Amino acid sequence: MQILRDLSCFFRAHWKRYTVGIAFLFLIDVLMLWPPRLVGETVDSIRNGSLTTAHLTESVAILLSLGIALYVMRFIWRYLLNGGALILERTLRERLFSHLTRMTPSFYQRRRSGDLMAIATNDIPAVEQTASMGVLTLVDSLFMTVLTLGVMMVTIDWKLTLAALIPMPFLAWSTAYYGRLLHERFYLAQEAFGEMNDHVQQSVSGVRVMRAFVQEDKDVDAFRRVSEKTLERNVNVSRIDALFDPTIAIIIGFSFLIGLGYGTYLVFTSSISLGDLVAFNLYLGLLIWPMFAFGWLINVVQRGSASLKRLSEMLIEEPDVHEANQPVTEAKGNSIEARHFTFTYPGTSKPVLQDLSFSLGEGETLGIVGRTGSGKSTLCRSLLHQYRMQDDALFIGGVAIERLSFDALRAKIGYVPQEHLLFSRTIAENVAFGKPEATEQEVLRALELAEMGRDLMQFSEGLETMVGEKGVTLSGGQKQRISIARALLMDADILILDDSLSAVDARTEERIVHHLRQERAGKTTIITAHRLSAVQHAQLILVLEEGRIVERGTHDELMLLGGWYAEQYRRQQMEQDVVGQE
Ligand code: ATP
Ligand code: MG
């Protein structure tokens with residue numbers, strides 16, 4: 001019952017609800033003991049011939065009012081205990097969600113999103129079940145059993161009661177054994193479910209690529225395999241599940257057998273009356289529910305604890321990037337400096353960036369270029385402090401990045417990632433994502449600066465056009481420009497555009513760069529690009545190769561140098577001329 005201990009915080013916080021609910025359960029259990037006694041007495045009085053109409057009416061009236069009272073009380077405990085469990089479900093889900101928002105990219109690299117969703121949608125309800133039905137059955141079956149057995153021993157016959165209990169140790173042993181098996185199997189089943197979820201998620205989001213490569217049939221096959229595995233593991237769970245009830249039924253059957261056999265003998269020897277025997281059997285009947293409930297409890301608790309284990313494994317993961325103990329809450333100045341900065345991704349051994357040193361003055365523009373995979377995006381991400389990194393190597397406004405508070409750093413930087421992501425909302429909401437209070441004018445202006453104004457006119461609903469699954473499908477270049485508008489609206493001191501102009505044509509790029517230079521005069525901008533014309537105006541251009549700076553300077557200096565940059569630039573100019581002539 002470790003799980004109940006793990007959840008004890010929650011029970012303590014909602015102790016009133018649980019106390020009242022459980023009090024009603026107790027009350028019901030006590031009241032339930034009355035009818036068998038009443039019936040037993042009635043049987044005896046029929047046998048003695050002492051039954052009067054008044055007596056019978058009284059018994060019937062008592063049974064009737066008990067029925068109504070139990071009806072009301074059962075409603076109350078169900079309402080309280082199940083309600084409590086729903087609150088627990090919400091609490092756990094919120095905790096999981098806020099945990100997920102705190103985690104860094106390396107966490108998401110390790111965890112598959114389908115599995116994360118399986119935990120939220122499948123494991124949390126299993127924990128909830130434990131907190132509702134689990135608590136109920138634990139309290140109820142224990143109390144009911146003890147109480148009923150007590151009454152049987154005291155009011156009927158203790159020897160008969162003990163005899164009827166002979167099969168019980170076997171019940172305890174078998175449920176414990178099944179329970180252990182169930183725990184292991186349910187954990188595996190949930191794991192398989194997570195895997196299946198992940199498969200669906202990837203197939204749905206990658207459906208176009210799949211079609212393009214005519215991989216539908218293969219994917220259906222692959223899905224069949226995961227779903228087969230899920231099925232198999234769940235069937236394994238059901239096998240154990242299916243053993244519980246028959247085992248309990250057979251044990252209860254034995255109890256009845258002993259009760260009836262030995263009981264009849266006792267009636268013959270006049271140790272107990274016939275009415276006692278009837279009452280005894282009715283009491284045994286009362287024990288059926290706690291026994292089943294007990295088996296069921298083991299079942300629910302094992303599922304709940306397997307799920308809680310999956311959930312806890314997730315919740316104990318700490319983000320691998322921590323805020324400094326006494327962080328600097330405001331970075332003054334927008335200069336950027338790197339001093340022998342070397343970076344290696346967690347879990348890998350080869351540094352991706354090596355010994356980078358450069359400095360960028362306040363309000364200047366930095367261009368980062370180089371072959372694909374040379375580390376441009378990594379350098380951008382490093383400035384966002386998304387990964388744990390070397391101390392005292394990267395500075396913003398003279399403060400080391402790891403000394404800055406997360407809020408200060410994030411408020412400082414506007415970022416357009418290479419993989420742009422738009423939410424399934426309107427264009428206006430997407431642009432105003434970081435600044436929800438922005439006016440329509442501001443949003444429109446940001447879109448115009450990002451050269452998205454003309455495209456917007458094509459959409460009949462303008463700013464209110466829905467993007468994504470349920471809305472219009474945007475081109476790559478349109479998505480890029482909306483992402484740029486989103487960052488421009490933030491008007492951050494430092495703007496990072498990671499390959500953000502790759503999907504627009506040269507002329508549009510030229511106009512966006514022109515707007516950037518006007519708008520961001522006095523502010524720092526970092527641009528990475530493959531088309532060198534996008535960084536031509538920068539005060540400092542770095543050429544990266546395999547994580548090292550191999551050339552640096554302004555456009556003119558680099559052209560004079562005659563290295564990779566100069567060669568690349570000439571080639572691109574030529575290509576453009578060819579395209580221009582066509
Ligand atoms: P591109 O021009 O294609 O965008 P890039 O210059 O931005 O390339 P990066 O994305 O910074 O290159 O990648 C640099 C190197 O780091 C690559 O070799 C890549 O395999 C590696 N890398 C990138 N992201 C990770 C990660 N999360 N974990 C481990 N290695 C990574
Ligand atoms: Mg990149």
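Residues numbered from 1 in each chain as written. Chains lettered and ligands numbered in written order. Predicted model: local features only at pLDDT ≥ 70, side-chain atom pairs only at ≥ 80, totals over all residues. Heavy atoms only, no water.

Colleague: Lay out the overall build of the protein chain in plain terms, naming residues and giving numbers.
Modeller: Assigned secondary structure in the protein chain consists of 21 helices and 10 strands. Over its C-alpha atoms the protein chain spans a radius of gyration of 36 Å, topping by over 25% the 25 Å that the globule rule assigns to 582 residues. Overall size of the protein chain, expressed as C-alpha extent along the three principal axes, is 120 × 55 × 45 Å. In the protein chain, buried positions account for 47% of the 582 residues. If you take every contact in the protein chain between residues at least 6 apart in sequence, the share linking residues at least 24 apart comes to 78%. Here the protein chain displays about 30000 Å² of accessible surface, and carbon together with sulfur accounts for 58% of that area. Averaged over its 57 positive side-chain charges, the protein chain has a centre that lies 3 Å from the centre of its 67 negative ones. (Helix = DSSP H or I, 4+ residues; strand = E, 2+ residues; numbered from the N terminus. Rg over C-alpha atoms; globule rule 2.2 N^0.38 Å. Buried < 20%, exposed > 50% of the residue type's maximum accessible area, 1.4 Å probe, protein only. Contact = heavy atoms within 4.5 Å. Areas by Shrake-Rupley, 256 points an atom, 1.4 Å probe, with all protein chains shown as cover. Lys, Arg positive; Asp, Glu negative; His and termini not counted. Charge placed at Lys NZ, Arg CZ, Asp CG, Glu CD.)

Colleague: So, helix α3 (residues 15-32): which residues are in play, and what are the values?
Modeller: For α3, built from 18 residues, the straight-helix expectation of 26 Å at 1.5 Å per residue is met to within 8% by its first-to-last C-alpha distance of 25 Å. Regarding α3, the residues found buried are Tyr18, Gly21, Ile22, Leu25, Ile28, Asp29 and Met32. For α3, the arc enclosing every buried residue in end-on projection is 110 degrees, short of the 170-degree limit, so these residues lie on one face. Seen from the open side of α3, the exposed residues pointing more than 90 degrees away from its buried face are Trp15 and Lys16. On its buried side, α3 packs onto α2 (8-13), α4 (34-48), α5 (53-102), α7 (113-156) and α12 (274-315). (Expected span 1.5 Å × (residues − 1). Arc of directions from axis to C-beta.)

Colleague: For the packing of helix α9 (residues 168-205) against α12, give the residues involved together with the corresponding values.
Modeller: Taken N-terminus to C-terminus, the directions of α9 and α12 make an angle of 30 degrees; their axes are 9 Å apart at the nearest point. As the angle between them shows, α9 and α12 are arranged roughly parallel. Considering the relative orientation of α9 and α12, their crossing is right-handed. Grouping the amino acids of the contact of α9 with α12 by side-chain chemistry returns 9 nonpolar, 9 polar and 6 charged. (Axes fitted to C-alpha atoms, helices over the stretch in contact; angles between N-to-C directions. Parallel < 35°, antiparallel > 145°, perpendicular 65-115°, else oblique. Left-handed = near helix turned anticlockwise from the far one by under 90°. Nonpolar A, V, L, I, M, F, W, Y, C, P; charged D, E, K, R; others polar.)

Colleague: How would you explain unusual backbone geometry if you had to name every residue and give the values?
Modeller: Of note in this structure, serine 270 is not a glycine but carries a positive phi near 60 degrees. Of note in the backbone geometry, glutamate 546 takes a positive phi value of approximately 45 degrees without being a glycine. Looking at where glutamate 546 falls in the secondary structure, it is placed in the loop between β9 (540-545) and β10 (548-553).

Colleague: An account of α7 is needed here, citing residue identities and associated values.
Modeller: The terminal C-alpha atoms of α7 lie 61 Å apart, and with 44 residues this matches the ideal 64 Å at 1.5 Å per residue to within 8%. The largest bend in α7 amounts to roughly 35 degrees and is located at isoleucine 119. (Bend = angle between axes of the 7 residues up to and from the residue.)

Colleague: A description of the sheet that holds strand β3 (residues 365-370) should follow, citing residues and the corresponding values.
Modeller: One open sheet accounts for 6 strands, arranged β6-β7-β8-β3-β9-β10; its pairing is mixed. With one partner strand each, in any of the chains shown, β6 (413-416) and β10 form the two edges of the open sheet. The sheet shows a mean angle of 15 degrees between the axes of neighbouring strands, taken without regard to direction. Sheet analysis places β3 next to β9, joined by 5 bridges and oriented parallel. Paired with glycine 367 across the bridge in β9 is isoleucine 541. (Pairing = 2+ DSSP bridges.)

Colleague: Got a sec to walk through the site of ligand 1? Specific residues and values, please.
Modeller: As a matter of local geometry, ligand 1 sits amid 15 residues, with Thr372, Lys376, Ser377, Thr378 and Gln418 nearest to it. Here glutamine 109 contributes a side-chain N or O atom positioned 3.2 Å from a nitrogen atom of ligand 1. Contacts to ligand 1 include tyrosine 345, whose side-chain N or O atom sits 3.3 Å from a nitrogen atom. Protein chains shield 69% of the accessible area of ligand 1, which is 640 Å² for the free molecule. Per-element tally for the shell around ligand 1: the top contributor is helix α13 (residues 376-383), with 4 residues. Classifying every residue of the shell around ligand 1 by side-chain character gives 3 nonpolar, 9 polar and 3 charged. (Near = heavy atom within 4 Å. Polar contact = N/O pair within 3.5 Å; in protein donor to acceptor, adjacent residues only side chain to side chain.)

Colleague: Describe in detail the UniProt feature "transmembrane region" (unreviewed entry) in the protein chain, supporting the description with residues and values.
Modeller: UniProt tags residues 20-39, 59-77, 135-154, 160-178, 248-268 and 280-301 as "transmembrane region" (unreviewed entry). Taken end to end, residues 160-178 has its terminal C-alpha atoms 29 Å apart, with 84% of it in helix and 0% in strand. (UniProt positions renumbered as here; feature names shortened; annotations may be inferred.)

Colleague: Got a sec to walk through the coordination of the magnesium ion (ligand 2)? Specific residues and values, please.
Modeller: Around the magnesium ion (ligand 2), the protein contributes the donor atoms Ser377 (OG) and Gln418 (OE1), at 1.9 to 2.1 Å from the metal centre. Of this pair, serine 377 sits in helix α13 while glutamine 418 sits in the loop between β6 and α15 (427-431), placing them 41 residues apart in sequence. (Donors = N, O, S within 2.8 Å, 3.2 Å for Na, K, Ca; no water.)

Colleague: Go over a negative patch on the surface with me, naming the residues and quoting the values.
Modeller: Taken together, the side chains of Glu429, Glu440, Glu461 and Glu464 present a region of like negative charge at the surface. With respect to the helices, strands and loops of the structure, glutamate 429 is situated in helix α15. (Patch = residues over 30% accessible without salt bridge, like charges linked within 9 Å, V, L, I, M, F, W, Y side chains within 5 Å. Salt bridge = Lys/Arg side-chain N within 4 Å of Asp/Glu carboxyl O.)

Colleague: Give me the side chain of threonine 378: which residues, what numbers.
Modeller: Along the chain, threonine 378 turns up in helix α13. With near-sequence residues (within four places) excluded, threonine 378 lies in contact with Phe343, Tyr345, Val352 and Leu353.

Colleague: Go over the domain arrangement of the protein chain, please, and point to the residues and values.
Modeller: Assigned domains of the protein chain: these are domain 1 (2-315) and domain 2 (336-581). When each unit is reduced to the centre of its C-alpha atoms, the spacing between domain 1 and domain 2 is 57 Å. Residue-level contacts link 5 residues of domain 1 with 4 residues of domain 2. Both faces considered, domain 1 and domain 2 share a buried interface measuring about 300 Å² in area, 59% of it formed by carbon and sulfur atoms. If you sort the residues of domain 1 by the area they bury against domain 2, Pro105, Ser106 and Arg208 come out on top, with a joint share of 77%. (Domains from an automatic or database assignment. Buried area = accessible area lost by both parts, 1.4 Å probe.)

Colleague: So what's going on with the layout of surface pockets? Which residues, and what values?
Modeller: Its boundaries defined by the atoms lining it, the largest pocket holds a volume of some 1600 Å³. Forming the walls of the largest pocket are 34 residues, and the residues nearest its centre are Leu384, Gln386, Tyr415, Pro417 and Phe433. Elements with a contribution of two residues or more to the lining of the largest pocket: α5, α6 (105-110), α14 (406-412), β6 and α18 (476-490). Of the residues belonging to the lining of the largest pocket, the class tally is 18 nonpolar, 10 polar and 6 charged. Looking at which domains feed residues into the lining of the largest pocket, each of domain 1 (2-315) and domain 2 (336-581) gives three or more. (1 Å grid on protein atoms, 1.4 Å probe; cavity = no way out; pocket = protein on both sides within 12 Å on 5 of 7 lines; lining within 4 Å. Points joined across faces, edges and corners; volume = space filled by probe spheres on them.)

Colleague: Tell me about the sheet that holds strand β5 (residues 399-400), and please be specific about residues and values.
Modeller: Taken together, the 4 strands give an open sheet; going across it, the order is β2-β1-β4-β5, and neighbouring strands pair in antiparallel fashion. With partners counted over all chains shown, the strands left at the sheet margins are β2 (353-360) and β5, one partner each. In this structure, strand β4 (residues 394-396) lies alongside β5, joined through 2 bridges in antiparallel fashion. Looking across to β5, one finds that isoleucine 396 is bridged to valine 399.

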